[in-house]
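# Fold and contact review
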Amino acid sequence: MSATSRDVWIYVEHLRGTVAAHTYELLGKGREIAAGLGGRVVAVVLGEGARPLVATLGAADSVLCVDAPAFNPAVPEAGVAVLRALAEARAPRLVAFGATSVGMDLATLLSARLGLPLVVNCKDVRLEDGRVVAISQMCGGKLLAEVEIGGAAILTVLAGAFPVQPGMSDRTPPVEAIPLPTPLEGMSSKMRRLLEPEPGDVDITKAEVLVGVGRGIQRKENLALAEELAGLLGGTVCASRPVIDQGWLPLNRQVGKSGMVVRPKLYVALGISGAPEHVEGMKDSDLIIAINTDAKAPIFDVADYGAEADLLEVVPALVEELKAGCASAA
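An account of the accompanying structure is given in this report. (Residues numbered from 1 in each chain as written. Predicted model: local features only at pLDDT ≥ 70, side-chain atom pairs only at ≥ 80, totals over all residues. Heavy atoms only, no water.)

### Things to note about the sheet that holds strand β11 (residues 175-177)
The mixed open sheet is built from nine strands, whose spatial order is β9-β8-β7-β10-β6-β1-β4-β5-β11. Taken across any chain shown, the strands that pair with only one partner, and hence form the sheet edges, are β9 (143-149) and β11. Here the average twist between neighbouring strands, direction ignored, is 30°. Relative to strand β6 (residues 94-98), strand β1 (residues 8-11) runs parallel, the two sharing three bridges. Across the sheet, the residue bridging to Val8 is Leu94, located in β6. Its contacts with the sheet put helix α2 (residues 76-90) on β1, β4 (41-46), β5 (62-66), β6 and β11, and the angle it makes with β4 is roughly 150°. (Pairing = 2+ DSSP bridges. Helix = DSSP H or I, 4+ residues; strand = E, 2+ residues; numbered from the N terminus. Axes fitted to C-alpha atoms, helices over the stretch in contact; angles between N-to-C directions. Contact = heavy atoms within 4.5 Å.)

Structure follows, in structure tokens:
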């Protein structure tokens with residue numbers, strides 16, 4: 001790469017004409033970091049039909065848009081080829097992606113192609129005396145690493161790490177429409193079609209109350225407790241990935257990065273540790289209540305209320321209280 005600029009680039013992740021929510025989190029934080037470095041925050045939008053998305057990116061100082069026929073950046077090989085060409089020509093100081101399956105595919109390959117360091121799963125990025133410092137979360141949040149970034153670098157940032165509002169704006173940013181900067185013929189992979197799960201018996205994305213269960217439920221038979229609690233609350237049972245992998249609930253009940261994103265009025269997390277992949281799918285719930293025996297479980301970082309307790313003791317007590325309340329109301 002040429003001499004590094006002071007600009008911060010934000011990769012705009014999108015699907016079916018909708019920008020992913022974490023992109024706005026990155027734009028807000030990107031503005032803060034870029035201002036401290038004396039540079040600009042630049043949104044990078046790739047993909048056929050991507051140009052209309054620019055109207056939603058007003059928090060960016062400028063937008064680089066590659067809207068080319070038959071170009072699908074969801075194929076990592078193609079997306080990285082374009083990003084590499086752009087970065088080699090303009091030398092951004094930082095390039096930030098969401099820590100999603102798409103973001104990780106692109107960021108890891110781009111890091112290798114450009115020979116730049118990669119800091120993954122960042123839960124914070126800040127300036128300290130002119131130095132860029134990132135906090136990387138590992139081992140499900142049990143280990144944090146503080147990394148000082150001395151030069152150009154690539155980051156993946158956890159969804160929910162920053163507020164959304166600073167990245168939202170009604171202004172129309174200046175756009176630079178860029179022709180495809182590198183030929184894509186001869187790519188070894190291509191997107192044929194997007195396979196989605198068939199609709200299940202319950203659409204948890206529409207539920208106003210969800211009772212989520214994790215490893216702490218211990219046995220399939222204990223799901224009956226969660227079902228009873230959910231029924232009394234007028235809600236539905238969902239789960240983190242370990243429960244789904246056990247086959248205790250169907251895939252359409254999974255919440256998280258590889259499952260569904262939910263925003264209920266109430267989310268009760270039973271025995272869920274709070275791994276970033278799960279939190280990404282439920283962090284925007286209006287009210288989060290967590291029950292876990294581990295006082296240091298990351299789920300407590302996003303919960304509005306929490307109890308360090310055994311769910312197998314707490315849930316039966318809650319069920320009895322709710323039953324008594326219903327009986328007195330009748």
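### Examining the pattern of salt bridges
All chains considered together, the criterion is met by 17 salt bridges. In this structure, Asp284 engages Arg263 in a salt bridge whose closest nitrogen and oxygen atoms are separated by 3.6 Å. Of this pair, Asp284 sits in the loop between α6 (276-282) and β15 (287-292) while Arg263 sits in the loop between α5 (241-245) and β14 (266-270), placing them 21 residues apart in sequence. Salt-bridge contacts for Asp284 lead to Lys283; the nearest nitrogen and oxygen are separated by 3.3 Å. Overall, Asp284 belongs to the partly exposed group, its relative accessible area being 33%. (Salt bridge = Lys/Arg side-chain N within 4 Å of Asp/Glu carboxyl O. Buried < 20%, exposed > 50% of the residue type's maximum accessible area, 1.4 Å probe, protein only.)

### Details of helix α4 (residues 223-233)
Looking at α4, one finds that the buried residues are Leu223, Ala226, Leu229 and Ala230. The buried residues of α4 occupy one face: seen down the axis, they fall within an arc of 125°. α4 presents Ala224 and Gly231 as exposed residues on the side facing more than 90 degrees away from its buried surface. One or two positions beyond α4, positive phi appears at Gly234, with a value near 75°. (Arc of directions from axis to C-beta.)

### Here we look at the environment of Val202
On the secondary structure map, Val202 appears in the loop between β11 and β12 (209-213). Once the C-alpha coordinates of Val202 and Val315 are considered, the two residues, 113 residues apart in sequence, prove to be 23 Å apart. In contact with Val202, other than residues within four places in its own chain, are Thr236, Asn252 and Arg253.

### Digging into the sheet that holds strand β13 (residues 236-239)
Taken together, the five strands give an open sheet; going across it, the order is β13-β12-β14-β15-β16, and neighbouring strands pair in parallel fashion. Of all strands in the sheet, those bounded by a partner on one side alone are β13 and β16 (305-308). In this sheet, adjacent strand axes meet at a mean angle of 15° when their direction is disregarded. Together, β12, β13 and β14 form the strand contacts of α4, whose direction differs from that of β12 by roughly 170°.

### Quick word on the packing of α2 against helix α3 (residues 101-114)
Their axes nearest at 9 Å, the elements α2 and α3 cross at an angle of 50°. Relative to α3, the element α2 lies oblique. Like other packed secondary-structure pairs, α2 and α3 cross with a definite hand, here right-handed. Counted together, Pro76, Gly79, Val80, Leu83, Arg84, Ala87 and Glu88 of α2 and Asp105, Leu106, Leu109, Leu110, Arg113 and Leu114 of α3 form the full contact between these two elements. Class assignment of the residues belonging to the contact of α2 with α3 gives a composition of eight nonpolar, one polar and four charged. (Parallel < 35°, antiparallel > 145°, perpendicular 65-115°, else oblique. Left-handed = near helix turned anticlockwise from the far one by under 90°. Nonpolar A, V, L, I, M, F, W, Y, C, P; charged D, E, K, R; others polar.)

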